[in-house]
Amino acid sequence: MRFGRVVRVKWYVLTEFGKWLLLFLKEPSEISPQEAGEAIRELLRSYVSKVYEASARFGLDFPSLMATSCRDAVRKIVGSSPRLEPDVAVLGCAALDIYGKLKGFPGEGECSLLEEVASFPGGMGANVAVALSRLGAKAAFIGAVGEDWASALVLEALLKDGVDISGVSVCGGPLLRTLVMLDERGSRRLLALRLRGVALSPGELTERAWEAIRRARIIYLGEVFVELASEVAERAREAGKLIIYRPGSPYARLGLELLKGPLSHADIFVLNEVSWKLLKEHSPGLRDLRELLDLGPEHVILTLGEGGCILYTRGGQEERFEVPRALKEAYPAVDETGAGDAFSSGLIKALLDGHELPEAIRYGQVVAAIACSRLGAYPSFPRAEEIHEALRLVGGA
């Protein structure tokens, strides 16, 4: 009581459901990200708890019910993607890259403890799309994902980087995982985990995916099923698109006979030393890389890591591109994971900008050098503004 008056104060504490409603009733500017995050986390905790109690009461399969929510989330993310007028349609795989360190790679019969360091969105195709977007190109990613939390995580990351994912195919099962194992000496081993039900590639494309291909200026064909790659390459060739084919080592193991379809329609074929070795081993009679030029492509680029790359052109021309010493010294290599993806994105971006292939190769080397100077593929891809200073080291524009 004060001055003969009684003042009563009444206040309300929002329930979990009330906090949830508040997120929709107020403008985003009226709620801090911290408050929104807290409300959503509380709602999820309550939701999971209540679903578990109800499923236990009625004898239902709780993991299956939770998997349904992941499936719905993945489809919601794909459906929310903006539809760009893409410069490049990137066909390839998406994955979750799990980085781990160990004291030494195990020998036969041994077991080593792999300590997780970090996890990043990955997959060669997804990496190229992200790297292109960061360089300022409009990229549409076309590939297959699963229905699990890892698929949602990777798709959300692609969206945040401005990649059009509206042509992604959602398949049953989990997303591909890639183990990137690093020992104390910095040696690296990669292991792709094809868990049961993993979709490595779409069996067929959605209409939205075909639309992106029709609208794009350049088609990048990565690790997708050979039959699909052949169909896309044939249609793209008829439409006058520039086609870059880089299937990677898993498909090089199939041998040249199976790769002839997409290769016959490609303008540029890109492979590294490992892929070339595997392709030779599984292609009877193939001895010289120049023989690939007889099958269709105008150019073949053999990448050599820190050794640069060699450009082979139909007609017998051969040119080697060393990585400039100044570039190596400015950006010492830390992790080469994603180097080929970075190189490919730089190559494509320069071609989009009207540069000739030799200049595009040098641009790709700059992008790859910067990416390799950081740990992890996805977080290492540079943005366009980072390239200008590096280009001065190699005498570029």
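Refer to the structure presented above.
Basis of the calculations
Residues numbered from 1 in each chain as written. Predicted model: local features only at pLDDT ≥ 70, side-chain atom pairs only at ≥ 80, totals over all residues. Heavy atoms only, no water. Pairing = 2+ DSSP bridges. Helix = DSSP H or I, 4+ residues; strand = E, 2+ residues; numbered from the N terminus. Axes fitted to C-alpha atoms, helices over the stretch in contact; angles between N-to-C directions. Contact = heavy atoms within 4.5 Å. Core = buried A, V, L, I, M, F, W, Y, C linked by side-chain atoms within 4.5 Å. Buried < 20%, exposed > 50% of the residue type's maximum accessible area, 1.4 Å probe, protein only. Expected span 1.5 Å × (residues − 1). Arc of directions from axis to C-beta. Polar contact = N/O pair within 3.5 Å; in protein donor to acceptor, adjacent residues only side chain to side chain. Parallel < 35°, antiparallel > 145°, perpendicular 65-115°, else oblique. Nonpolar A, V, L, I, M, F, W, Y, C, P; charged D, E, K, R; others polar. Left-handed = near helix turned anticlockwise from the far one by under 90°.

A. Geometry of the sheet that holds strand 11 (residues 268-272). What the eight strands build is an open sheet, ordered 4-1-9-10-11-12-13-14; its pairing is mixed. Two strands close off the open sheet at either side, each with one partner strand: strand 4 (139-142) and strand 14 (317-321). Taken pair by pair, the neighbouring strands of this sheet meet at an average axis angle of 15 degrees, ignoring direction. Inspection of the sheet shows strand 1 (residues 88-91) paired to strand 9 (residues 218-221) by four bridges, in the parallel sense. In the strand pairing of strand 9, alanine 89 is matched with isoleucine 219. Against the sheet, helix 6 (residues 207-215) engages strand 1, strand 4 and strand 9, with an angle of about 140 degrees to strand 4.

B. Here's a closer look at the nonpolar core. Judged by nonpolar contacts, the single largest core of 69 residues is most densely connected at Leu155, Leu158, Ile244, Ile301 and Ile361. For this core, the element with the most residues is helix 13 (residues 357-372), which contributes 10 residues. Excluding residues that lie within four positions of it along the chain, isoleucine 244 makes contacts with Ile218, Ile219, Tyr220, Leu221, Ile268, Val270, Leu347, Ile348 and Leu351. Counting 41 residues, the second largest nonpolar core, distinct from the first, contains Ile213, Ala216, Leu289 and Tyr312.

C. Structural view of the pairing of strand 14. Bridge analysis of strand 13 (residues 309-313) against strand 14 gives five bridges, and the strand direction is antiparallel. Counted as the bridge partner of threonine 313 is glutamine 317 from strand 14. Between the end of strand 13 and the start of strand 14, which pair antiparallel, lie three residues, with glycine 315 showing a positive phi angle near 110 degrees.

D. Highlighting helix 3 (residues 62-79). A rise of 1.5 Å per residue sets the reference length of helix 3, with its 18 residues, at 26 Å; its end C-alpha atoms lie 26 Å apart and thus fit the reference within 8%. Buried within helix 3 we find Phe62, Val74, Ile77 and Val78. End-on, the buried residues of helix 3 take up no more than an arc of 150 degrees, which puts them together on one face. Turned more than 90 degrees away from the buried face of helix 3 sit Lys76 and Gly79, all of them exposed. Looking at the buried side of helix 3, the elements it contacts are helix 2 (33-57), strand 5 (144-145), helix 5 (149-160) and strand 6 (169-170).

E. Structural context of the side chain of glutamate 147. Summarising the element assignment, glutamate 147 is placed in the loop between strand 5 and helix 5. At 3.3 Å, the side chain of glutamate 147 and the side chain of arginine 75 are in polar contact.

F. Spotlight on the sheet that holds strand 7 (residues 176-182). Pairing is mixed across the open sheet formed by four strands, whose spatial order is 3-2-7-8. Two strands close off the open sheet at either side, each with one partner strand: strand 3 (115-122) and strand 8 (188-193). This sheet shows a mean twist of 20 degrees between the axes of neighbouring strands, independent of strand direction. Pairing of strand 2 (residues 95-101) with strand 7, which is carried by seven bridges, proceeds in the parallel orientation. Note on strand 7: the bridge partner recorded for glycine 100 is methionine 181. This element, helix 5, spans strand 2, strand 3 and strand 7 of the sheet and lies at about 100 degrees to strand 2.

G. Local environment of the packing of helix 13 against helix 14 (residues 384-393). At their nearest, the axes of helix 13 and helix 14 sit 10 Å apart, and the two run at 110 degrees to each other. In terms of orientation, helix 13 lies roughly perpendicular with respect to helix 14. Judged by residue contacts, Tyr363, Val366, Val367 and Ile370 of helix 13 engage Glu386, Ile387, Ala390 and Leu391 from helix 14. In terms of residue class, the contact of helix 13 with helix 14 is built from seven nonpolar, no polar and one charged.

H. Seen up close, the packing of helix 3 against helix 5. For the pair helix 3 and helix 5, interaxial distance at closest approach is 9 Å and the crossing angle is 15 degrees. One finds that helix 3 runs roughly parallel with respect to helix 5. Classified by chirality, the crossing of helix 5 by helix 3 is left-handed. Here helix 3 contributes Cys70, Val74, Ile77 and Val78 to the contact with helix 5, which in turn contributes Trp149, Ser151, Ala152, Leu155, Glu156 and Leu159.

I. Spotlight on helix 12 (residues 339-352). Here helix 12 contains 14 residues, and its C-alpha end-to-end distance of 20 Å stays within 8% of the 20 Å for a straight helix at 1.5 Å per residue. Of all 14 residues that make up helix 12, 12 are buried, and the element is covered over most of its length. Burial in helix 12 covers these residues: Asp341, Ala342, Phe343, Ser344, Ser345, Gly346, Leu347, Ile348, Lys349, Ala350, Leu351 and Leu352. At the C-terminal side of helix 12, glycine 354 shows a positive phi close to 95 degrees.

J. Fine view of the pairing of strand 13. Counting buried positions along strand 13 gives five out of five residues, so the element sits mostly inside the fold. Across the two faces of strand 13 the burial is the same, with Cys309, Leu311 and Thr313 and Ile310 and Tyr312 all buried. The pairing of strand 12 (residues 299-303) with strand 13 spans five bridges and is antiparallel. Looking across to strand 13, one finds that threonine 303 is bridged to cysteine 309. As consecutive antiparallel partners, strand 12 and strand 13 are separated by five residues, and within that stretch glycine 305 has a phi angle of approximately 65 degrees, a positive value.

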